[in-house]
Amino acid sequence: MKRFINSVIIILSLSFISPAFCAEEILTWDGCLAEAGKNNPELISAVEIINQEKAGKDITASALYPQISTNLGVATRGATSTSVATGVKTSTTTDTYSYGVSGTQLLFDGSKTRNNVKSAAENIKAAQQGYRFTSSQVRLSLRTAFINLLKAQELIQVAEDIVKIRRDNLELITLRYQSGLEHKGALLTAEANVAQAKFELAQAKRDVGLAQRQLTKAMGRKEFKLMSVKGDFTIKDAAKEKPDFEVIVKNNPSLLQAQAKRNAASFSLKAAYAKFFPQLSGSVGADRSGSRWPPKDKSWDAALSLTLPLFEGGLKAAQVTQAQSVYRQAEADARDIKDSAVVSLEQAWAALQDADETVEVQNKSLEATVERSKIAEAQYSTGFITFDSWIIIEDNLVSAKKSFLNAQTDVLLAEANWIQAKGETLEYAQ
């Protein structure tokens, strides 16, 4: 019985374990890329825009093909007549049945429809480049979330180290204070530093939860799960040699999208000019009709139709003016986007180099500060230096640990921005 009770207690205890102690899912960067490629809603939306543009092209192109329809009709007609001689009213009904088929074919419209089809084809290209641009943005958001979680995980370790440093400091100062070798202000300062370190550790743990949520959203997951990421702070796309930005920008999705929109506007302008031409269509039809089913009487027709509006209140001229303005706007937008993309490339590349070099500087600074801290602690223990001088060195050590982690994070973020500036998508695994 005692063994049974103990088993029940263990089971009940396990059922109330906090979710924070559940096994975390460990994610790699490649795994995050693959998951975002399948589930991110922004990408799904961009795919549907492509599908809509493809359907729009098919709708426009349908006017170039024969338009065939069929008809089936049943009608009943009633009539009432009154005899002049007798004054008697007589009612009669007549049934009519008919069915047939007819078709029309556009023969000429000044290439308006064909230009509209070409414009629609360019809109598909624009949508495809829009998907690439969205993929590039999603990659940046995903990488940023991944880096933030990686930093948050590492920050917990740094915060724990700082807590230990502050506690060791407090123990040393407490001993000296109790021995009458240190004043109360130093003790209170050490206690405040411990409290600050504990707060920053708790804050770092909360930051992990936020970073997990951000990564969940970037991957497009519908449900939240505890997770951690596996990675390091080494960059792969350092771009030490300054590249030719004018060459890189040619493959930028935002520029290619703008160029496709400009081409679509060009074809739309040609279609607007084509509206001044007459429209020629041909039609044929055949049907049967009669008072009984199936109807026996046959008939057919064939016709050519030429349409040329003579006056529409300046409609076509206004449409051409509008199309010209849209084209000029698209042309200006393409030029502006190219110039902005080149500037962004220059800025992102420079920021990456600065961040990379900063890591080296902060690493050396941390090494120097650690060594100074060891020496200063020994000097303070023997009364060689004052509390004020020692605590400054300890504060510098704490600051150096944080600065080095921030520098490592910044270089990863700078790399992510550089990759996005180049227009790379989720398929770019680095």
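These figures come from a predicted structure and were not determined experimentally. (Residues numbered from 1 in each chain as written. Predicted model: local features only at pLDDT ≥ 70, side-chain atom pairs only at ≥ 80, totals over all residues. Heavy atoms only, no water.)

A. Representation of the sheet that holds strand 3 (residues 89–108). Strand order in the open sheet formed by 4 strands is 2-3-5-6, with antiparallel pairing between adjacent strands. In this open sheet, the two strands that pair with only one neighbour each are strand 2 (67–82) and strand 6 (297–307). Taken over all neighbouring pairs, the strand axes of this sheet differ in orientation by 20° on average, direction set aside. Here strand 5 (residues 279–290) runs beside strand 6; their pairing, made up of 11 bridges, is antiparallel. Bridge pairing in strand 6 places S283 opposite A303. (Pairing = 2+ DSSP bridges. Helix = DSSP H or I, 4+ residues; strand = E, 2+ residues; numbered from the N terminus. Axes fitted to C-alpha atoms, helices over the stretch in contact; angles between N-to-C directions.)

B. View of the nonpolar core. C32, L142, L215 and W418 are the most contacted members of the largest nonpolar core, which totals 59 residues. Taken together, the elements giving at least two residues each to this core come down to helix 2 (29–39), helix 4 (112–178), helix 5 (184–219), strand 4 (227–229), helix 6 (245–248), helix 8 (315–381) and helix 9 (387–421). Here the element with the most residues in this core is helix 4; it accounts for 14 residues. If near-sequence neighbours (up to four positions away) are discounted, L142 is found in contact with W29, C32, L33, A36, L215, A218, M219 and L426. Grouped together as the second largest cluster of nonpolar side chains are 12 residues, A186, L187, I385 and I393 included. (Core = buried A, V, L, I, M, F, W, Y, C linked by side-chain atoms within 4.5 Å. Buried < 20%, exposed > 50% of the residue type's maximum accessible area, 1.4 Å probe, protein only. Contact = heavy atoms within 4.5 Å.)

C. Broad picture of the packing of aromatic side chains. Applying the stated rule across the entire model yields 8 aromatic pairs. Measuring from centroid to centroid gives 6.5 Å for F387 and W390, while their planes differ by 65°, and the two rings are edge-to-face. Of this pair, F387 and W390 are both found in helix 9, 3 residues apart, which corresponds to roughly one turn of the helix. Summarising the burial analysis for this pair, F387 and W390 share the class buried. (Phe/Tyr/Trp six-rings, centres within 6.5 Å; stacked < 30°, edge-to-face > 60°.)

D. Spotlight on the environment of D244. Here D244 shows up in the loop between strand 4 and helix 6. Accessibility expressed as a relative area gives 46% for D244, which makes it partly exposed. The spatial distance from the C-alpha of D244 to the C-alpha of E25 is 41 Å, given a sequence separation of 219 residues.

E. Region of interest: the side chain of N169. If you trace the backbone, N169 turns up in helix 4. A distance of 3.3 Å separates polar atoms of two side chains, one belonging to N169 and the other to E394. Look past the residues within four positions of N169 in its chain and what remains in contact with it is W390 and E394. (Polar contact = N/O pair within 3.5 Å; in protein donor to acceptor, adjacent residues only side chain to side chain.)

F. Structural detail: the packing of helix 4 against helix 7 (residues 253–274). The contact between helix 4 and helix 7 brings their axes to 8 Å, and the two run at 165°. It follows that helix 4 is roughly antiparallel to helix 7 by the angle criterion. Handedness of the crossing formed by helix 4 with helix 7: left-handed. Of the residues assigned to the contact of helix 4 with helix 7, the class counts are 9 nonpolar, 10 polar and 7 charged. (Parallel < 35°, antiparallel > 145°, perpendicular 65-115°, else oblique. Left-handed = near helix turned anticlockwise from the far one by under 90°. Nonpolar A, V, L, I, M, F, W, Y, C, P; charged D, E, K, R; others polar.)

G. Spotlight on unusual backbone geometry. Between W293 and the following residue, P294, the backbone shows a cis peptide bond with an omega angle of 0°. Locating P294 in the fold gives a position in the loop between strand 5 and strand 6. For S111, which is not a glycine, the phi torsion comes out positive at approximately 65°. The topology assignment puts S111 in the loop between strand 3 and helix 4. With a relative accessible area of 36%, S111 lands in the partly exposed category. With a phi close to 50°, A239 is a non-glycine residue in the positive phi region. Inspection of the secondary structure assignment puts A239 in the loop between strand 4 and helix 6.

Nothing here speaks to function; it is geometry throughout.
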